[in-house]
Amino acid sequence: NAGIAAAITGLALFARSRSPQVADWASQAGRGAEYTLGMVSTQVGNISASLLHRMREHERKVLTTTHDQLKAVATFIETSRALPTAFREKLDAVILSGDSAATIKLLGQSGRPDLVVEWRKARDVLNQIGKDLVQTGRLKGLIADYFPRIAIDVPGLLNALGKEERSFLQVKLDNARARAVKMDGRDLSPLEESQIINGFLKSHSPTSGKPGFLKKRSVEEITPELVRFYATFSEALPLYIRAAVKEIERARFFGEDLVRQEGGLTNVDMSIGNLVNREKLAGKIDDAQAEKLRSLLASRFGPGEKSASGLLQTAKNLTNAGLLGHVTSAVVQAGDIALSVAAHGLLPTLKSAQQVITRKPGRISVKDVGLADHITEEIVGGEKKPMTVFGRQLSSAKFLQGVFKYSGFSLVDQLGKNISIGASFEKSVRLAQTEAGVAKLRAKYGEAYGPEFPQLIADLRSRANTEAVRGLLFSELSDIQPISKIEVPQAYLDHPNGRVLYMMKTFMLKQADIVRREGFAEINRGNVAKGTSNLLRYGLALGIAGATTDFIRNWLLGRDQDLDWGAIPENALKTFGWSQFVVDKARKGQPFQAAAGLVAPPYKMWEKIVTADPQAIQYLPLAGRLLYHDAVPGQSLLGLDFGGAEKANKAYEQRR
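Residues numbered from 1 in each chain as written. Predicted model: local features only at pLDDT ≥ 70, side-chain atom pairs only at ≥ 80, totals over all residues. Heavy atoms only, no water.

In this section: the nonpolar core. Phe 147, Ile 197 and Leu 237 are the most contacted members of the largest nonpolar core, which totals 49 residues. Looking at this core, the elements that each hand over two or more residues are α4 (49-81), α5 (85-96), α6 (100-107), α7 (114-135), α8 (154-160), α9 (163-184), α10 (190-203) and α13 (233-254). The contacts of Leu 237, once residues within four sequence positions are left out, are Val 73, Phe 76, Ile 77, Ala 122, Leu 126 and Phe 147. Core analysis: the next-biggest nonpolar cluster, separate from the first, contains 35 residues, Leu 371, Ala 468, Leu 472 and Ile 483 among them. (Core = buried A, V, L, I, M, F, W, Y, C linked by side-chain atoms within 4.5 Å. Buried < 20%, exposed > 50% of the residue type's maximum accessible area, 1.4 Å probe, protein only. Helix = DSSP H or I, 4+ residues; strand = E, 2+ residues; numbered from the N terminus. Contact = heavy atoms within 4.5 Å.)

Structure, rendered in structure tokens:
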């Protein structure tokens, strides 16, 4: 919350104390607060604006390329998943064998001639990925008609091997895992693990102890006994695309500082060392800054690449569906437009809104910056691989995506992002027309773009949709929303399973980051008037937007609550985590419960579900909240009258 921003800034001031004890205590506390609550992007930007720009460009390109390539294969995957089970299993074996001619022949027998066309699109994507992997040094050469084989049951596969082969392969995997942990602070990815397994199975000579189905195996064939240990082709393709794009863009990020290790894998630790040392030798950073950069980059490209356990990911997705999958949440999400007003001004935001609503041709949108199907880093961090339940492939991430679609949450989120991107573009174009405006752009982006800055100004003046302009707009949106892996705290990256503690809080922490950067940091630099003005602007924008959307939400739910001036500061505080639950606990003299409400994950939903509390109906996606508040006239569930609106009205009167 705003207190977070003030606390971190205050600790920085105490760290300058002439008292060694006070300075040491404040420095240690400040580092802890920065690690747990401070945005990685802000910390990097405080050290090097050019490196922050480079990192944001990396995030943008990962998002954009992944989206484009997944979109190219989406029809093939979705259509093939609808094929009869027996035919799909046969298709699995043929595709995984790497025989493209046999695959096309079998697809021709599917009764879906369009599948052949979509398969060729998928092959084009795989061929391009292969070329990029060779170009970035990850592969030495291409394999004709290669299709990714990703092992999903490694213990089962190991048990199917002979004792000698199993022991040998286990040692190879353990050694590779140990190297990855030592150098990068992470485990092997499914793709890396599978490459080691597949390389072993291809090259290891048959022995008398080897099972029959391995004796004649070559790279061209996958037997039915082996297929069961691998992801289906519809699972493997998106998993491979995501992993390959990350690898390619990571190599491009490090560029000449990239170090490859055995098997062509990136040695992240040494690559980071080369990059940081280059900055240091150029005199751009000092020893302390170099150490900090090492730590931040190691978190981003090490544990930051890992996901939480499957169970936690599923729990997060279902929690998000229960808490956010309602039309009322979509209404609240519309308040994000206020951030655009605060960041870019009222007139640019209104002009952008008009362009978005009228669908003006040629406007720059979320599609141009890789955010067409992206909400926030916290929400999209869920599992993407479906699991099979009673013969059907189910995915909690897919379920959440559907809930957000039909509740209107995704639509409103995309609307807000499009308006913010358009407003940023209009503001930047206007600034580029005058010397005074160019000076403002140079102050913020001159170091980041370096020698490319004049071209950026030329592109803005001509309203061109170029890479430079898209990079600027992505950065502007990153300043106000947590849309990538560097717009979160370092602790979030370092502890994948601990990310559950940040549920529903990354947006709050990002707003605290805005308050800190635009308000307290300016005041600390002596720009008191500017810092105070920024604080007032953001506070009013968030308060007015929150009060307005709160009023609309209450009206939809049948609550009898008024819109008054007191709602503005109250809703500004809600943005920073000071929820009604926290307020009520504080009023009752329960400070520890209030503090717990600020930092604890949203557990109330599961508490009500597990205890079979009838109020749990409000967490049913799409209709639950309306049913609980009796907002659907004449409708009830199992004859129950939940009376949510009446309870809310009584609580509101008590608070007044």
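So much for the structure itself; the text now carries on.
A contiguous nonpolar surface patch, about 440 Å² in accessible area, is contributed by Leu 318, Phe 399, Trp 606, Ile 609 and Val 610. Within the secondary structure, Leu 318 is located in helix α16 (residues 310-324). (Patch = residues over 30% accessible without salt bridge, like charges linked within 9 Å, V, L, I, M, F, W, Y side chains within 5 Å. Areas by Shrake-Rupley, 256 points an atom, 1.4 Å probe, with all protein chains shown as cover. Salt bridge = Lys/Arg side-chain N within 4 Å of Asp/Glu carboxyl O.)

This brings us to the side chain of Glu 279. Looking at where Glu 279 falls in the secondary structure, it is placed in helix α14 (residues 268-281). At 4.1 Å, Lys 284 is the nearest oppositely charged side chain to Glu 279, a buried residue that forms no salt bridge. Not counting residues within four places of it along the chain, the set of residues in contact with Glu 279 comprises Ser 48, Lys 284 and Ile 285. (Lys, Arg positive; Asp, Glu negative; His and termini not counted.)

Overall, the coordinates contain 10 aromatic pairs when judged by the stated rule. Each ring, one from Trp 119 and one from Phe 147, has its centre 6.0 Å from the other, and the planes form 25°; the classification is stacked. Of the two residues, Trp 119 sits in helix α7 while Phe 147 sits in the loop between α7 and α8, which places them 28 residues apart along the sequence. By relative accessible area, which is 2% here, Trp 119 ends up buried. (Phe/Tyr/Trp six-rings, centres within 6.5 Å; stacked < 30°, edge-to-face > 60°.)

The next point concerns the confidence of the model for the protein chain. Within the protein chain, residue pLDDT values average 81, and 77% of them lie at 70 or more. The lowest-confidence element of the protein chain is helix α11 (residues 212-215), averaging 39 in pLDDT; the highest-confidence one is helix α24 (residues 453-461), averaging 97. (pLDDT = per-residue confidence, 0-100.)

Here we come to helix α18 (residues 337-344). Along α18, the residues classified as buried are Ala 338, Leu 339, Ser 340, Ala 342 and His 344. Taken from the residues just after α18, Gly 345 is the one with a positive phi, measuring 105°.

At Arg 359, a position not held by glycine, the phi torsion is positive, near 55°. Mapped onto the elements, Arg 359 comes out in the loop between α19 (346-357) and α20 (377-380). Notably, Ala 612 is not glycine yet its phi reads approximately 55°, a positive angle. Among the structural elements, Ala 612 can be located in the loop between α32 (604-610) and α33 (624-628).

A word on the pattern of salt bridges. Scanning all chains against the criterion turns up 34 salt bridges. The closest approach of N and O atoms between Glu 607 and Lys 604, which form a salt bridge, is 3.5 Å. Of this pair, Glu 607 and Lys 604 both sit in helix α32, separated by three residues, roughly a single helical turn. Owing to a relative accessible area of 38%, Glu 607 belongs among the partly exposed residues under this scheme.

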